[in-house]
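For reference, the chains in residue letters:
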Amino acid sequence: MTILRLEVSNPDYSRENTQTLTVYSSHLKRRADVTIYNAQSMEKNVPVVVLLHGVYGNNWVWMDLGGVHKVYEQLKQEGLSEFVLVMPSDGGLWDGSAYLPLKDHGNYEQWIVDDVITAVKQTVNAVSESSNVYITGLSMGGYGALRLGAKYPELFSGISAHSAITKLDDLKHFTETPLNQYQCDNSNESDIIYWLNNNKNNLPPLRLDCGAEDTLFESNLNFVEQLKSNNIEHHFESLSGCHEWPYWHKNVVKTFHFFDSLENKK
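Residue indices follow the written sequence of each chain, beginning from 1 at its first position. Totals for whole chains, interfaces and linings use every residue, but because this is a predicted model, local features are given only for residues with pLDDT of at least 70 and side-chain atom pairs only at 80 or more, for both listing and counting. Excluded from the side-chain calculations are hydrogens and water; all other atoms, namely the structure's heavy atoms, are used.

**Quick notes on the side chain of asparagine 59**
Put simply, the test is: Going along the chain from the N terminus, every DSSP run of H or I of four or more residues is numbered as a helix, and every run of E of two or more is numbered as a strand. A 3.5 Å cut-off defines polar contacts: any pair of N or O atoms within that distance qualifies, except that in protein one atom must be a possible hydrogen donor and the other a possible acceptor, and neighbouring residues in sequence count only when both atoms are side-chain atoms. Note on contacts: a residue pair qualifies if any of its non-hydrogen atoms lie within 4.5 Å across the two residues.
Among the structural elements, asparagine 59 can be located in the loop between strand 4 (48-52) and helix 1 (61-64). A distance of 2.8 Å separates polar atoms of two side chains, one belonging to asparagine 59 and the other to threonine 35. Apart from the residues lying within four places of it in its own chain, the contact partners of asparagine 59 are Thr20, Asp33, Val34, Thr35, His53, Met87, Pro88 and Ser89.

**Here's the deal with the packing of helix 3 (residues 108-123) against helix 4 (residues 140-151)**
We apply this condition: Axis definition: a line fit to C-alpha positions, over the contact stretch in the case of helices; interaxial angles, taken between N-to-C directions, run 0 to 180 degrees. In this scheme, roughly parallel covers angles under 35 degrees and roughly antiparallel covers those over 145, while 65 to 115 is roughly perpendicular and the rest are oblique. Handedness of a crossing follows from how the near helix is turned relative to the far one, being left-handed for an anticlockwise turn of less than a right angle and right-handed for a clockwise one.
Viewed as axis vectors pointing N to C, helix 3 and helix 4 meet at an angle of 65°, and their least axial separation amounts to 12 Å. With respect to each other, helix 3 and helix 4 are oriented roughly perpendicular. Of the two elements, helix 3 crosses helix 4, and the hand of that crossing is right-handed. For the pair helix 3 and helix 4, contact is made by Glu109, Ile112 and Val113 and by Arg147, Leu148 and Lys151, respectively.

**Side note on the packing of aromatic side chains**
Heads up, the condition is: Only rings of Phe, Tyr and Trp enter the pairing, Trp through its six-membered ring, and a pair is recorded when the two centres are within 6.5 Å. The plane angle decides the type: under 30 degrees is stacked, over 60 is edge-to-face, the rest tilted. Any residue under 20% of the maximum accessible area for its type is buried, any over 50% is exposed, and the rest in between are partly exposed; the area is computed with a 1.4 Å probe on protein chains only.
Taken as a whole and assessed by the stated rule, the structure comprises 9 aromatic pairs. Aromatic side chains phenylalanine 83 and tyrosine 134 sit 6.2 Å apart centroid to centroid with 80° between the ring planes, which places their arrangement in the edge-to-face category. Pair noted here: phenylalanine 83 is in the loop between helix 2 (68-77) and strand 5 (84-88) and tyrosine 134 is in strand 8 (residues 133-138), with a separation of 51 residues, a long-range link. On the basis of relative accessible area, tyrosine 134 is assigned to the buried category, the value being 0%. For the pair tryptophan 245 and tryptophan 248, a centre-to-centre distance of 5.2 Å together with 90° between the ring planes defines the contact as edge-to-face. Of this pair, tryptophan 245 and tryptophan 248 both sit in helix 7 (residues 245-265), 3 residues apart, which is roughly one turn of that helix. Neither residue differs from the other here; tryptophan 245 and tryptophan 248 are each classed as buried. Three or more aromatic residues link up through ring pairs in this structure, and these residues are Phe83, Tyr134, Phe258 and Phe259.

**A look at the nonpolar core**
We apply this condition: Think of a nonpolar core as a cluster: buried Ala, Val, Leu, Ile, Met, Phe, Trp, Tyr and Cys residues, connected wherever their side-chain atoms sit within 4.5 Å.
Membership of the largest hydrophobic core comes to 64 residues, with the highest contact counts inside it found for Ile36, Val86 and Leu148. No other element matches the 8 residues that helix 3 contributes to this core. Residue contacts for isoleucine 36: discarding those within four places in its chain leaves Asn17, Thr18, Gln19, Leu21, Val84, Leu85, Val86, Met87, Val120, Thr123 and Val124. Among the nonpolar cores identified, the runner-up in size contains 25 residues, and Val68, Tyr72, Leu85 and Tyr134 belong to it.

**Description of the sheet that holds strand 9 (residues 158-162)**
By definition, the strands of a sheet pair up through backbone hydrogen bonds, in either a parallel or an antiparallel sense. Applicable threshold: Paired strands, in this sense, are two strands between which DSSP finds at least two bridges.
An order of 1-2-3-5-4-8-9-10-11 is seen for the 9 strands of this open sheet, with the pairing classed as mixed. Where the open sheet ends on each side, the last strands, each with one partner, are strand 1 (6-8) and strand 11 (235-239). Recorded for the sheet is a direction-independent mean angle of 15° between the axes of neighbouring strands. Pairing analysis gives 5 bridges linking strand 10 (residues 206-211) to strand 11, with the strands arranged parallel. Bridged to glycine 211 within strand 11 is leucine 239. Of the strands in this sheet, strand 4, strand 8, strand 9 and strand 10 are in contact with helix 4, which crosses strand 8 at around 150°. Across the face of the sheet, helix 7 comes into contact with strand 4, strand 5, strand 8, strand 9, strand 10 and strand 11 while running at roughly 165° to strand 9.

**Quick word on helix 6 (residues 217-229)**
Selection criterion: One less than the residue count of a helix, multiplied by 1.5 Å, gives the span that helix is expected to have. Arc, as used here, means the arc of the directions from the helix axis to the C-beta atoms.
The end-to-end C-alpha distance of helix 6 is 19 Å, a good match for the 18 Å that 13 residues give at a rise of 1.5 Å each. Those residues of helix 6 that sit buried are Phe217, Ser219, Asn220, Phe223, Val224 and Leu227. Buried residues of helix 6 fall within an arc of 155° about the axis and therefore sit on the same side. Relative to its buried face, helix 6 has exposed residues pointing more than 90 degrees away, namely Glu218 and Ser229.

Below, the structure is given as structure tokens:
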């Protein structure tokens, strides 16, 4: 395993059960940050949940805007399995990197699937090579979770997405960055359906949801129709709500229950 150059926060000074990393990424040619919750777990082989944020965000938003750690702690009291929550920056490009391997601006995909996962295994004693890794995200992070989960099915044991951007064109709702800036070497690179079909026989379980009042609701319905027409197994929930943190705070529960059910099947 590659040994990364990084700084790790001191638990004596950090927020309770929270660890922050600053990692030098060879894929980005610069430093980027990761927040980890439950890093001090005393269990072994604890599964990992990677939570990807949306546009304008960073590694801190899932906790400080979404209260995901509070949701997790409440669910643990109700019997949820132990998880390590990993919340990386998207790499800090423009309003959002889309977690893509961009032709001219850096490999934001490998930052997640290589650097972040390696950094967690290097610094969190509760996580081992035997730990299952799950991936989820909201909005642009939902797009990242769907695409990375589909492209790297061997890395992830389950995929969940909330209010997901389901095609690159959806980014126009949130950023003024010209979409041609998101060019990749492979013309199919940004197409989630392409990767789902490419790895159809090896996909991890997949769920997604979107609020009926969300800007992205119609895109989500169209995406679900594509999943059906391509015979890709999935579970979709149409819920009430908008594209906002109260929706994600409330419905991330569904992701935790989904991943927990997969852990209990193993």
